[in-house]
Amino acid sequence: MAPPRQGPLMIDMRVDLAGMRLPNPLMPASGCAANGKELHRFFDIAELGAFVTKTVLADPRSGRGTPRMAETPSGMLNSIGLQGPGILDFTRGDLVWLKSVGARVLVSIAGNTVGEFGDVAVVLSESPAFDAVVGVEVNISCPNVANRGLVFACDPLSSANVVALVREKLPRHIPVFAKLSADVTDIVQIASACVKAGADGLTMINTLLAMVIDTDLLRPQVAGVTGGLSGPAIRPVAVRAIWQVRAAMIEGDIASVPIIGVGGVRTGDDALQLVAAGASAIQVGTATFNDPTAPVRVKRELAAALQDKGFARFSDAVGIAHTRLDKAR
Amino acid sequence: MSTTSQERPPSQGAPSEHTPVVTGELITKRRVGAYHHLTFLAPEVAELARPGQFVALAVGGEVSANLLRRCFSIHQVSPGGTVDVVVAARGPGTRWLTDLSTHHEVNIVGPLGGGFPLPKDPASCVLVGGGYGSAPLFWLATVLKERGCQVEIVLGAATGDRLFGVTQARRVTDRVTVTTDDGSIGTKGWVSAVLPDVIGRSRADIVYGCGPMAMLKSVTEIASAHDAVAQVAVEESMACGIGVCMTCVMPVTGEDGLTRMLRSCVEGPVFRGDRIRWEAFENGRCQVPEDAYGAASTRATND
């Protein structure tokens, strides 16, 4: 007789993110998986709940010069500058390919102006492979573009303007997720502004603005001077940000919308921290550079961890740490 | 020997071209001058590899705080399934690798990148290696000889202990020329001091180069002056080696005349030397040329 079946198949990993129904909550983080073909050499990207694309703007972008990165303790600094093909080439090439392999695509978009975000959304929604798109992530928080004082996600009004326009330009059945920065005084205020402006969900967090000095040359190590810090080093910041926003939803200060958690997830246990803090889905970013199979490995590990703890459904674990707070106090 | 790649369950749309992710046992290590020659047992990688491809090694073990992979060109592979790399212990990652005892296991991704393009017909080839950049050239020489090519090699380094593979070169090539900056072995000076003569007398069709960027630039210039094609394997720092991080880019002009910031991992690491925009490299940095594809929209918004 075969031994009893162990493992992830017994737990229901399905999620519904503001109408975006996915077989499981795992995704790559935008900008850490290119546009799919590269990781498809390591695992079938249709195994992911959704595939999050590299942020695309209206026009093709070369990105910055090099060096573009620096290794840091349990993380890295990057200063890419949103290199990419522009929305038209993206919809004609990468999106068509993603559809051909059966990926559910969460398209990350950005613009240098509020209007550009809207233009990108329109081109996307009119493209032939748009039926592969399950949602749009609005990257208002990349630290490597524009005047950094004007990163949209650092200002509630700018964030709201972008979200409202993108929401207006996309069909109603496509949920819009605003990607937030934790480099702000009060992330709850920004989250609130985005939700009021029509965001169907939030993605938290983007990289943190950071800097490394090359001590041989005594100059900034990356050509862009500053860059975005990512990796396990920033995981506690992500957990904190997700916790704060989820708490505000529980308190009724913000309408309750799904949170996609991202920031320093390397293992299933790391993912579980973000989930317990309030994330309904998980993106794996920098860990993919260390292990190309990390997104699907984390999916297996998270399912196993939840099953070990007696959960029948992934969704039952979302935000659970908030219910276990009073006794601890 | 175990492979994580085999854990992937079958499903629709499975990858057609698969890159192995394997745990390779370090079976031998030896000191070669200033370098460390490491041999890993990794049959899946060895079976697929071609000269000029590389492997990306995880360092520090499963809970390492050094997340970025270290990429090394493949020195050689054996029919028994071994993969050899040559490592200079320079930082925490490479020191961890060179401090490993035999029988330790290292996570290996590869083979990665495109290899050296090979001539269809027998040709006259000159191979140029700077320091341990020469590591992949001996295997390349063997493959070229099998194709009936004439193969000369030039090995250069700052000092004698930083030369790699002089003895091996004598076995697998028709003629070996050595240079050192300090003159301790061979001709005193850089490889560029001897290269015009070597290329001229061998009537080289192709010059293959591997080493520091400044050397590759000079190899390209000398090859072009002699109407030879330069194929150079570049060294640019990589975070992932698999094409997803976008950090290892450099400006390369395509057949359409347009310069793009190409990833040296998946679109390289071997480029035609005359396609690289060498003038963009200066003082340890590489600028995006003003005429590069997408440079204008980046410039407009990056201060």
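Values in this document were obtained by computation on a predicted structure and should not be read as measured data.

So, about the overall build of chain A. Helix and strand content of chain A: 9 helices and 16 strands. The C-alpha radius of gyration of chain A comes to 19 Å, within 12% of the 20 Å expected for a compact globule of 329 residues. Along the longest, intermediate and shortest principal axes, the C-alpha atoms of chain A span 60 × 50 × 45 Å. Residue burial in chain A is summarised as follows: out of 329 residues, 64% are buried.

Two numbers describe a pair of packed helices, the interaxial angle and the distance between the axes. Residue and element names in this part refer to chain A. Orientation of helix 7 (residues 268-277) relative to helix 9 (residues 294-308), taken along the N-to-C sense of each, is 65°, at an axis distance of 8 Å. Judged by the angle between their axes, helix 7 and helix 9 are roughly perpendicular. Of the two elements, helix 7 crosses helix 9, and the hand of that crossing is right-handed. On helix 9, the residues touching G268, D269, A271 and L272 of helix 7 are V298, E301, L302, A304 and A305. Residue composition of the contact of helix 7 with helix 9, grouped by class: 6 nonpolar, 1 polar and 2 charged.

Here we take up helix 7 of chain A. Residue and element names in this part refer to chain A. With respect to burial, helix 7 is a largely interior element, 9 of its 10 residues being buried. Among all positions in helix 7, only G268, D270, A271, L272, Q273, L274, V275, A276 and A277 are buried. Check the buried side of helix 7 and you find it contacts helix 6 (235-251), strand 15 (259-262), strand 16 (281-284) and helix 9. Positive phi shows up at G278, right after helix 7, with a value of about 135°.

What follows concerns the sheet that holds strand 12 (residues 187-188) of chain B. Residue and element names in this part refer to chain B. Strand order across the open sheet formed by 7 strands is 12-11-10-9-13-14-17, with mixed pairing between neighbours. Each edge of the open sheet is held by one strand with a lone partner, namely strand 12 and strand 17 (270-272). Pairing of strand 11 (residues 175-180) with strand 12, which is carried by 2 bridges, proceeds in the parallel orientation. In the strand pairing of strand 12, T179 is matched with T187.

All names here are of chain B. Taken as a whole, chain B is organised into domain 1 (19-112), domain 2 (116-233) and domain 3 (242-297). Taking only C-alpha atoms, the centre of domain 1 and the centre of domain 3 are 27 Å apart. Listed as interface residues are 5 residues of domain 1 and, on the opposing side, 4 residues of domain 3. Secondary-structure elements contributing two or more residues to the side of domain 1 that touches domain 3 are strand 4 (54-57) and strand 8 (105-112). Residues that form the side of domain 1 that touches domain 3 fall into these classes: 4 nonpolar, 1 polar and no charged.

Our next topic: the nonpolar core. Grouped together as the largest cluster of nonpolar side chains are 214 residues, with contacts concentrated most on V105, V138, C194, L202 and I242 of chain A together with V55 and V207 of chain B. Considering every element that reaches this core, the biggest residue donor is helix 6 of chain A, with 8 residues.

Moving on to the interface of chain B and chain A. Between chain B and chain A, the residue contacts involve 44 residues of the former and 46 residues of the latter. Broken down by secondary-structure element, the contributors of at least two residues to the side of chain B that touches chain A are strand 19 (285-286) and helix 7 (295-301) of chain B. Tallying contributions element by element places helix 7 of chain B first for the side of chain B that touches chain A, with 4 residues. By residue class, the composition of the side of chain B that touches chain A is 22 nonpolar, 17 polar and 5 charged.

Residue and element names in this part refer to chain A. One open sheet holds the 8 strands; their spatial order is 3-16-15-10-9-8-7-4, and the pairing between them is parallel. At either end of the open sheet lies a strand with only one pairing partner, and these are strand 3 (26-28) and strand 4 (51-52). By the bridge criterion, 3 bridges tie strand 10 (residues 201-204) to strand 15 in an arrangement that is parallel. Bridge pairing in strand 15 places M204 opposite G261. Helix 6 contacts strand 10 and strand 15 of the sheet and is inclined by roughly 165° relative to strand 15.

Criteria and thresholds
Residues numbered from 1 in each chain as written. Chains lettered and ligands numbered in written order. Predicted model: local features only at pLDDT ≥ 70, side-chain atom pairs only at ≥ 80, totals over all residues. Helix = DSSP H or I, 4+ residues; strand = E, 2+ residues; numbered from the N terminus. Rg over C-alpha atoms; globule rule 2.2 N^0.38 Å. Buried ≥ 20, exposed ≤ 12 C-beta atoms within 10 Å, placed from the backbone. Axes fitted to C-alpha atoms, helices over the stretch in contact; angles between N-to-C directions. Parallel < 35°, antiparallel > 145°, perpendicular 65-115°, else oblique. Left-handed = near helix turned anticlockwise from the far one by under 90°. Contact = placed C-beta atoms within 7 Å. Nonpolar A, V, L, I, M, F, W, Y, C, P; charged D, E, K, R; others polar. Pairing = 2+ DSSP bridges. Domains from an automatic or database assignment. Core = buried A, V, L, I, M, F, W, Y, C linked by C-beta atoms within 7 Å.

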